[in-house]
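Descriptive analysis of the structure
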Amino acid sequence: MFATLSDRLSAAFSSLRGKGRLSEADIEATVTEIRRALLDADVALPVVRSFTATVRERASSAEVSRALNPSQQIVKIVNEELTQILGGSARELRFAKRPPTVILLAGLQGAGKTTLAGKLGHWLRSEGHTPLLVAADLQRPNAVQQLQIVGENAGVPVWAPEPGNGTGDPVAVARTGVAHAKDRYYDVVVVDTAGRLGVDAEMMRQAADIRDAVSPDEILFVVDAMIGQDAVTTANAFAEGVGFTGVVLSKLDGDARGGAALSVAQVTGAPVLFASTGEKVTDFERFHPDRMASRILD
Ligand code: GDP
């Protein structure tokens, strides 16, 4: 995760090491290297622009020129600014005052929603909750069965379409699933929805209809960190079509260049709540912007 970006950033700092004073040329050369490293990692251009402008401004200021060790000071600035673009401080999942809390998952097909439903369910159980997963992805063949397997692995029950449960109609499945959760005192409902390979109007409408039917407390936009620059376009389309309250970055274990992670939160203004780092139910972590920034600069 972020290996190339990490290497490139540490190379950018290496020419500064040991210097007692930094000239403007030193700072400019470093900022240029940082800019290249971010662009090569697929970070969206507007994010790179504002990031490098802030780093340049702070690096030229008195806080650096007066520092005993200017290069360390620059690493610190980059760390703080990376934390900032990753969302600042970690945000907790929001629970409803009156259960059940409803969490809607949205994103493209293959983004990792169904896998995430199992991970979330497993994590929620470990936190003392009684989650229910709802299979409202009726588009993709086998999606319902996949969620049932995921639920079994996570030890979390699944509400799936059957005669009487709104067979064929994802909005009805979601609605009956939430009603079932209320009846049986499940305190969190995770609703898996259908995605398409690309953004399309009908998929957006369906997700919005499900949203209107179940009034979610959180809408999590799940995005594959490996799709690079497309992450921002997709995020913007979902922000407009469905809206979301948080982001989940999936497949951070791949050789992702990390650009999605560094762009989506900044561009959409929605915080990253979780990271998915593999196919197993436990390959899942809460997202901490400061820890992620430190990992990148390690
Ligand atoms: P959905 O269409 O959004 O529901 O996506 P799925 O949950 O079916 O995931 C698509 C594929 O990505 C599956 O083969 C998953 O096993 C895989 N996958 C999901 N999350 C991760 C992850 O964090 N890391 C890796 N390496 N694979 C993942």
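Residues numbered from 1 in each chain as written. Predicted model: local features only at pLDDT ≥ 70, side-chain atom pairs only at ≥ 80, totals over all residues. Heavy atoms only, no water.

Details of the pairing of strand β4 (residues 188–193)
The condition is simple: Buried, partly exposed and exposed residues are distinguished by accessible area as a fraction of the type maximum, computed with a 1.4 Å probe on protein chains only: under 20%, between the cut-offs, and over 50%, respectively. Every helix listed is a DSSP run of H or I at least four residues long, and every strand listed is a run of E at least two residues long, numbered separately from the N terminus. Here the rule is simple: two strands pair whenever DSSP picks up at least two bridges between them.
Taking burial as the measure, the six residues of β4 include six buried ones, the bulk of the element. Alternating residues of β4 divide into V188, V190 and D192 and V189, V191 and T193, and every residue in both groups is buried. Pairing between strand β1 (residues 101–106) and β4: five bridges, direction parallel. Opposite T101, over in β4, you have V188 as the bridge partner.

Here we look at the sheet that holds strand β3 (residues 158–159)
Spatially, β3-β2-β4-β1-β5-β6-β7-β8 is the arrangement adopted by the eight strands of the open sheet, whose pairing is mixed. Both outer strands of the open sheet, β3 and β8 (284–286), are each paired with one neighbouring strand and no more.

Quick look at the packing of helix α5 (residues 70–85) against helix α11 (residues 259–268)
The angle between the axes and the distance between the axes are what describe a pair of packed helices. This is how it is decided: The angle between two axes is taken between their N-to-C directions and runs from 0 to 180 degrees, where each axis is a line fitted to C-alpha atoms and a helix contributes only its stretch in contact. Orientation labels follow simple angle bins: below 35 degrees gives roughly parallel, above 145 gives roughly antiparallel, 65 to 115 gives roughly perpendicular, and whatever is left gives oblique. Residues count as neighbours in contact if any of their non-hydrogen atoms are within 4.5 Å of one another. Note on residue categories: nonpolar means Ala, Val, Leu, Ile, Met, Phe, Trp, Tyr, Cys or Pro, charged means Asp, Glu, Lys or Arg, and polar means any other residue, Gly included.
Packing of α5 against α11 leaves a shortest axis separation of 8 Å and a crossing angle of 60 degrees. Between α5 and α11, the interaxial angle falls into the category oblique. Contact residues: L82, Q84 and I85 in α5; L262, A265 and Q266 in α11. In terms of residue class, the contact of α5 with α11 is built from four nonpolar, two polar and no charged.

A closer look at the environment of Q109
On the secondary structure map, Q109 appears in the loop between β1 and α6 (113–126). Note on Q109: relative accessible area 31%, which makes it partly exposed. Once the C-alpha coordinates of Q109 and D137 are considered, the two residues, 28 residues apart in sequence, prove to be 9.9 Å apart. Q109 has contacts with R140, G195, R196 and L197, leaving out every residue within four places of it along the chain.

Here we look at the UniProt feature "domain: SRP54-type proteins GTP-binding" (unreviewed entry) in the protein chain
Definition in use: UniProt positions are given in the numbering used here, feature names are shortened, and annotations may be inferred rather than shown by experiment.
Residues annotated in UniProt with the feature "domain: SRP54-type proteins GTP-binding" (unreviewed entry) correspond here to residues 271–284. What you have in residues 271–284 is 0% helix and 43% strand, and the ends, taken at the C-alpha atoms, are 16 Å apart.

Overview of helix α1 (residues 3–14)
Filter applied, for reference: One less than the residue count of a helix, multiplied by 1.5 Å, gives the span that helix is expected to have. Working definition: the arc comes from the directions between the helix axis and the C-beta atoms, pointing outward to the latter.
Between its first and last C-alpha, α1 extends 16 Å over 12 residues, near the 16 Å set by a 1.5 Å rise per residue. Every buried residue of α1 is listed here: L5, S6, L9, A12 and F13. Seen along its axis, α1 keeps its buried residues to an arc of 125 degrees; they face one direction. Seen from the buried face of α1, the exposed residues on the opposite side, beyond 90 degrees, are T4 and D7.

A look at the site of the ligand
What counts, and what does not: If a single non-hydrogen atom of a residue is within 4 Å of a molecule or strand, that residue counts as near it. Between N or O atoms, a polar contact is any pair within 3.5 Å; within protein, one atom must be a potential hydrogen donor and the other a potential acceptor, and residues adjacent in sequence are included only when both atoms are from side chains. Exposure was quantified through the Shrake-Rupley algorithm and a 1.4 Å probe, taking into account, for residues, occlusion by the shown protein chains and nothing else.
Neighbouring residues of the ligand: 17 residues in total, closest G110, T114, T115, D253 and E279. Contacts to the ligand include K251, whose backbone N or O atom sits 3.0 Å from an oxygen atom. Contact distances for the ligand include 2.5 Å between an oxygen atom and a side-chain N or O atom of E279. Protein contacts shield 81% of the accessible area of the ligand, which totals 580 Å² for the unbound molecule. In terms of residues, the shell around the ligand owes the most to one element, α6, which gives four residues. Within the shell around the ligand, the residues separate by chemical class into two nonpolar, nine polar and six charged.

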